[in-house]
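Here are the chains, one letter per residue:
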Amino acid sequence: SVKEIFDAANVPVTWEEHEVYPILEKNGKTRIPQPAIDSIFKNKIGLKGPMRTAIGKGHVSLNLTIRRTFGLYANVRPAKSVPGVETPYSAEGVDCVIMRENTEGEYSGIEHTVVPGVVQSVKLITRQASRNVAEYAFKYAMDNNRANIVALHKANIMRMSDGTFLDECRKVAEKYPEIQYREMYLDSACLKIVKDPSQFDVMLMPNLYGDIFSDLTAGLIGGLGLAPSGNMGKDGIAIYEAVHGTADDLTAQNKGNPTALLMSGLMMLRHLELKPQADKIEAAVLETLKERKFVTGDIGGNATNPQYTAEICRKIRAAS
């Protein structure tokens, strides 16, 4: 769908397609195929489809492997109300951004059996990773006219780990007096955002919290089928992906909603300074969603993926 829509908008992008799968090395570590690695390091940009991770067994998460391989330290997950997708928050509107640390925390994958029946999982927090995501969050807020940042945490319980994360956030905040900075307990923020999303702008948090909280904000705008994201890394590398995982049952029936991946692609185009093309596609997507004649089942319609895609392409060509 994304490639068809980009073609309809004459987006000047040449695709290099690579299949990504786990390769287990002799030292027990997992990596992805070398051609995919070489392509990302060469082009500095990527658009990634959903990947499945086995539950409780098998290889390390491919998503985690990719983040480590390319040093993708910041995961940006916008949540913005979409015209035509009615939710309890449509009248007021939702417009916030999750800024999630992307390389460590509980997702470090450091687990072991202490004694039979007792398993320990390590939450790894470093000053460098915390500083990296905080620096990116404040720069993002400045560049995108965002007025305030709230850091979410549980430092009352995890004093050393979340305390370290907050300490680095505070140091970075001092460099940006133009941005209002505050802190909030994660559980309190969950309650407050469902009562009044307008009180939040950019939300900065460690890895696991960001993964969970961004699903909550996706629910506020109508579901994961509408939630894009971008992974920002060292040396200017950026990889964009939908927030949702795989949905083989919908894919097999041509009923999958491509909006999240498409919107992730638009984030990618703006990163590449192709804003006119991104704006043209976004206008066609929003008009299609607002009309509701060709929308997929997850947002209340009965159109197939090809029908939804074709309608967006038709609108793009009509506007050209």
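A brief look at the structure comes next. (Residues numbered from 1 in each chain as written. Predicted model: local features only at pLDDT ≥ 70, side-chain atom pairs only at ≥ 80, totals over all residues. Heavy atoms only, no water.)

## Examining the overall build of the protein
Worth spelling out the cut-off: Runs of E in the DSSP output that reach at least two residues are strands. Runs of H or I that reach at least four are helices, and both are numbered from the N terminus. Using C-alpha atoms as the atom set, the radius of gyration is obtained and then compared with a globule rule of 2.2 Å times the number of residues to the power 0.38. Relative accessibility under 20% of the residue-type maximum defines a buried residue, over 50% an exposed one, and the middle range a partly exposed one, all with a 1.4 Å probe and only protein chains included. In this analysis, two residues are considered to be in contact whenever any of their non-hydrogen atoms come within 4.5 Å of each other. In short, Shrake-Rupley with a 1.4 Å probe defines the accessible areas, and a residue's cover is counted only from the protein chains shown.
Check the secondary structure of the protein and you find 11 helices and 12 strands. Rg of the C-alpha trace for the protein: 20 Å, near the compact-globule value of 20 Å for 320 residues, within the 12% margin. Its C-alpha atoms give the protein principal-axis dimensions of about 60 × 50 × 40 Å. Within the protein, the fraction of its 320 residues that count as buried is 47%. Sequence-distant contacts, at least 24 apart, represent 69% of the contacts inside the protein between residues at least 6 apart. Summed over all atoms, the accessible surface of the protein reaches about 15900 Å², with 53% contributed by carbon and sulfur.

## Points about helix H10 (residues 275-291)
The line we're drawing: Between the first and last residue of a helix there are one fewer steps than residues, each counted as 1.5 Å, and that sum is the expected span.
With 17 residues, H10 should cover 24 Å at 1.5 Å per step; its first-to-last C-alpha distance of 24 Å lies within 8% of that length. At its buried positions, H10 is contacted by helix H1 (2-8), helix H9 (259-271) and helix H11 (305-319). Directly after H10, the chain includes Arg-292, whose backbone phi takes a positive value near 65°.

## Some details on the packing of helix H6 (residues 186-195) against helix H7 (residues 207-221)
Cut-off, in case you're wondering: Fitted lines through C-alpha atoms serve as axes, helices being fitted only where they are in contact, and the angles separating the N-to-C directions of these axes extend from 0 to 180 degrees. For classification purposes, an angle smaller than 35 degrees is called roughly parallel, one larger than 145 roughly antiparallel, one from 65 to 115 roughly perpendicular, and anything else oblique. Polarity classes work like this: nonpolar for Ala, Val, Leu, Ile, Met, Phe, Trp, Tyr, Cys and Pro, charged for Asp, Glu, Lys and Arg, and polar for all others, with Gly in that last group.
Remark: H6 packs on H7, axes separated minimally by 11 Å, with the N-to-C direction vectors making an angle of 10°. Taken together, the axes of H6 and H7 lie roughly parallel to each other. Side by side, H6 and H7 meet where Leu-186, Ala-189, Cys-190, Ile-193 and Val-194 of the first sit next to Tyr-209, Phe-213, Leu-216, Thr-217 and Leu-220 of the second. Considering only residue class, the contact of H6 with H7 consists of nine nonpolar, one polar and no charged.

## Looking at the pairing of strand E5 (residues 95-101)
Rule in force here: Two strands form a pair only when DSSP identifies at least two bridges running between them.
Counting buried positions over the seven residues of E5 gives six, a clear majority of the element. Across seven bridges, the pairing between strand E4 (residues 72-80) and E5 is antiparallel. The residue bridging Ala-79 from the neighbouring strand is Cys-96, located in E5. With four bridges joining them, E5 and strand E10 (residues 202-205) adopt parallel strand pairing.

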